[in-house]
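The residues making up each chain are set out below.
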Amino acid sequence: GDKGVDPREADPFILLVHHRHAFRPLDFLRPLFSAAIMPEGFPAHPHRGFETVTYVLPGRAGLVHRDSEGCRMRYGDGAVQWMTAGRGMLHEEMWDTGASVDAELYQLWVNLPPRSKLVPPRVQLLLPSTAPAGGAAAQVQREGSTPVRTGRVIDEVSADGAVRVRGIARPPAEEEAAAAEAAAGEVA
């Protein structure tokens with residue numbers, strides 16, 4: 001019979017979810033529904049012992065994040081938020097309904113190894129490679145007890161333009177080579 005996935009074979013991946021939501025400005029039931037029945041997003045909830053990596057598709061609205069560490073940020077349009085819950089935190093993710101009528105994102109939950117399950121919570125925000133700092137794609141509105149680390153999404157296109165890869169981290173040796181290549185391009 002079908003026994004499903006053995007969790008030991010899936011670790012460190014806990015969950016991958018795709019969210020797509022459309023906000024229609026002329027939907028007369030929307031204000032009533034969101035105020036009286038259900039807020040638009042994911043109200044305060046706890047996380048502990050894992051990380052969430054949230055990627056908002058380019059051109060799409062994203063989320064407004066608040067957490068128990070005091071952080072508040074909004075991100076969308078190709079940005080990535082990497083939240084490490086560690087020893088635990090409450091956070092909420094509400095749809096950024098003012099940014100656009102269409103929101104779409106992927107969120108990956110990654111289990112932390114046992115030695116890292118109780119690390120202090122932290123949040124990282126990665127802007128799209130072409131977005132101006134402090135622009136509409138992502139903004140840290142208030143840092144909490146832990147400063148928000150910011151960086152850039154790696155955006156590479158094959159020479160023929162047929163393949164585009166967006167990444168959030170490179171192995172250290174590749175990062176050093178890319179930095180040297182960028183520095184050489186600035187000198188030329």
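Here the structure is a predicted model, which is why all the values come from computation and not from measurement.

Caption draft 1: Main features of the overall build of the protein. A tally of helices and strands in the protein yields three helices and 13 strands. When contacts within the protein are restricted to residue pairs at least 6 apart in sequence, long-range pairs at least 24 apart make up 74% of them. Element-wise, carbon and sulfur atoms account for 58% of the exposed surface of the protein, whose accessible area totals about 11,500 Å².

Caption draft 2: Spatial organisation of the nonpolar core. Counting residues in each nonpolar core, the largest one holds 19 residues, and the members touching the most others are Met-73, Tyr-75, Trp-95, Leu-125 and Ala-138. At the level of secondary structure, the elements contributing two or more residues to this core comprise β5 (72–75), β7 (89–95), β8 (102–111) and β9 (122–127). A total of three residues in this core trace back to one element, the largest contributor, which is β9.

Caption draft 3: Representation of the packing of aromatic side chains within the structure. The tally for this structure, following the rule as stated, stands at two aromatic pairs. Residues Phe-42 and Trp-95 carry aromatic rings whose centres are separated by 6.0 Å and whose planes lie at 55° to one another, so their mutual orientation is tilted. Taken together, the residues Phe-42 in strand β2 (residues 41–47) and Trp-95 in strand β7 connect sequence positions 53 residues apart. According to the relative accessible area criterion, Trp-95 is buried, its value standing at 9%. Between the aromatic rings of Phe-50 and Trp-109, the centroid separation amounts to 4.8 Å while the plane-to-plane angle is 25°, which identifies the pairing as stacked. Taken together, the residues span a long stretch of sequence, with Phe-50 in strand β3 (residues 50–56) and Trp-109 in strand β8 at a distance of 59 residues.

Caption draft 4: Looking closely at the sheet that holds β7. The strand order across the open sheet formed by five strands is β2-β7-β4-β5-β10, and the pairing between neighbours is antiparallel. Among the strands making up the open sheet, the edge pair consists of β2 and β10 (138–142). Neighbour-to-neighbour, the strand axes of the sheet open up by a mean angle of 15°, direction not taken into account. Of the pairings in the sheet, the one linking strand β4 (residues 63–67) to β5 comprises four bridges and is antiparallel in character. When the bridges of β5 are listed, His-65 appears paired with Met-73.

What counts and how
Residues numbered from 1 in each chain as written. Predicted model: local features only at pLDDT ≥ 70, side-chain atom pairs only at ≥ 80, totals over all residues. Heavy atoms only, no water. Helix = DSSP H or I, 4+ residues; strand = E, 2+ residues; numbered from the N terminus. Contact = heavy atoms within 4.5 Å. Areas by Shrake-Rupley, 256 points an atom, 1.4 Å probe, with all protein chains shown as cover. Core = buried A, V, L, I, M, F, W, Y, C linked by side-chain atoms within 4.5 Å. Buried < 20%, exposed > 50% of the residue type's maximum accessible area, 1.4 Å probe, protein only. Phe/Tyr/Trp six-rings, centres within 6.5 Å; stacked < 30°, edge-to-face > 60°. Pairing = 2+ DSSP bridges. Axes fitted to C-alpha atoms, helices over the stretch in contact; angles between N-to-C directions.

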